[in-house]
Amino acid sequence: MMNRYVNARTAGVLLLGLLLLLLTGCARSPVLLESTKASLTPQTELTEVPFFAQTEYQCGPATLAMVLNHEGVEASLDELIPQVFLPGRDGSVQPEMLATVRRYERLAIPIRGTMDALLTHLEAGNPVVVMQNLALPAFPMWHYAVAIGFDLPNETLVLRSGEIERHTLSFSRFDATWARTERWGFVVSEPGTLPEGVTARNALEAISAFEEQHGPDTTLSSWQAFSERFPQNPTGQFALGNALYADGQPEAALAAFETATSLDPEMGAAWLNLAIIQFQQARLADARASLTQAASLEGEWQPRARQLLETL
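Residues numbered from 1 in each chain as written. Predicted model: local features only at pLDDT ≥ 70, side-chain atom pairs only at ≥ 80, totals over all residues. Heavy atoms only, no water.

This part takes up the nonpolar core. Nonpolar side chains tend toward joint burial in soluble globular proteins. If you look at the biggest cluster of nonpolar residues, it comprises 88 residues, and the most contacted ones within it are Leu118, Leu119, Leu157 and Phe186. Per element, the largest residue contribution to this core is seven residues, and it comes from helix α3 (residues 59–70). Mapping this core onto the domain boundaries places at least three of its residues in each of domain 1 (35–189) and domain 2 (200–311). Beyond its immediate sequence surroundings of up to four residues, leucine 118 is in contact with Ile111, Val128, Val130, Ala147, Leu157, Phe174 and Trp178. (Core = buried A, V, L, I, M, F, W, Y, C linked by side-chain atoms within 4.5 Å. Buried < 20%, exposed > 50% of the residue type's maximum accessible area, 1.4 Å probe, protein only. Helix = DSSP H or I, 4+ residues; strand = E, 2+ residues; numbered from the N terminus. Domains from an automatic or database assignment. Contact = heavy atoms within 4.5 Å.)

Following this line, the structure appears as structure tokens:
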């Protein structure tokens, strides 16, 4: 009996050791670009970010309360819980998190999933909502927190997490838990502004989702900010043209569609919209040329372009 008990204890110790090994095996210090190290200040901490304690399964609403209030939105934890918390899933999922931010008329922009991007956003003064898996990939324990600062020499991150207002975690330990969520995180900004470091793709998705929820009128300033940040992006110019046209600015919309077609001659939708404005301005020869381009390109715009071309 004693030997069996000792063996059981030994097996338990070995199992615990294996579990700890699995949990920490990938906890290596993430490699930061030398350019990132050179550009960052040694320490940054956004102490003005408010703190809302996160009770069981309510880390999603609590993190949103922190970043929204930091952006000037009065959003209480009580009103956020029913919007984000999903009882059947014992937590919150990413689409609900992003959609809730948009309901409060703010942009929710995913960040690039690298430590370089995360630290750069913090350096620029933008707290970042991050998602972690605090357990094994096969038995996940999802958790949301707000990254608010870092200590570069000591390689530590500062988070508002759980019931800890100032939780410090090594870069390696944090990155191990962050990597299990494919390094998912996002920043919040007012319409018409884009945080430094966001990618064109992520900004496009965020502004488009905001437009679906609030309409083109409220999105014009964001498309203008996007086109200023990414002037060579044809999709941004096309979206700007649509927003300008909806705002009653056909001349400015015309210029945006012309820019879009020059940047991407294969963008049939831009050719079609360009032709419609040219037709409205009685520029029939220009409209015919634009419609010919649109009709020659495969896509959902093609039947409409051919119909208008026959009318002309």
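This next bit is on helix α13 (residues 284–295). In a regular helix each residue adds 1.5 Å, so twelve residues correspond to 16 Å; α13 covers 16 Å between its end C-alpha atoms and thus fits that length. Turning to α13, its buried residues are Ala287, Ser290, Leu291, Ala294 and Ala295. Projected down its long axis, α13 shows its buried positions confined to an angular sector of 135°, all on one face. Looking at the buried residues of α13, the elements they touch are α12 (268–280) and α14 (302–311). (Expected span 1.5 Å × (residues − 1). Arc of directions from axis to C-beta.)

Across five bridges, strand β5 (residues 156–161) lies against strand β6 (residues 164–170) in antiparallel orientation. Bridge pairing links threonine 156 to serine 170 in β6. (Pairing = 2+ DSSP bridges.)

Buried within helix α9 (residues 220–229) are the following residues: Leu220, Ser222, Trp223, Ala225, Phe226 and Ser227. Tucked inside the fold, the buried residues of α9 contact β2 (107–110), α8 (200–214) and α10 (234–246).

With that settled, consider the UniProt feature "repeat: TPR" (unreviewed entry) in the protein chain. Here the UniProt feature "repeat: TPR" (unreviewed entry) sits at residues 234–267. Taken end to end, residues 234–267 comprises 79% helix and 0% strand; its first and last C-alpha atoms sit 8 Å apart. (UniProt positions renumbered as here; feature names shortened; annotations may be inferred.)

A word on the packing of helix α11 (residues 250–263) against α12. At a minimum axis distance of 9 Å, the contact between α11 and α12 shows a crossing angle of 145°. Handedness of the α11/α12 crossing: left-handed. Contacts from Pro250, Ala253, Leu254, Phe257, Glu258, Ala260 and Thr261 in α11 reach Ala270, Trp271, Asn273, Leu274, Ile277 and Gln278 in α12. (Axes fitted to C-alpha atoms, helices over the stretch in contact; angles between N-to-C directions. Left-handed = near helix turned anticlockwise from the far one by under 90°.)

So, on to the packing of aromatic side chains. Inspection of every chain in the model, using the stated rule, returns six aromatic pairs. Residues phenylalanine 226 and phenylalanine 230 carry aromatic rings whose centres are separated by 4.9 Å and whose planes lie at 45° to one another, so their mutual orientation is tilted. With a relative accessible area of 0%, phenylalanine 226 lands in the buried category. Here the aromatic rings of phenylalanine 238 and phenylalanine 257 are separated by 5.9 Å at their centres, their planes lie at 50°, and the arrangement is tilted. Here phenylalanine 257 lies in helix α11 and phenylalanine 238 lies in helix α10, a separation of 19 residues in the sequence. Looking at phenylalanine 257, the relative accessible area reads 2%, which means it is buried. (Phe/Tyr/Trp six-rings, centres within 6.5 Å; stacked < 30°, edge-to-face > 60°.)

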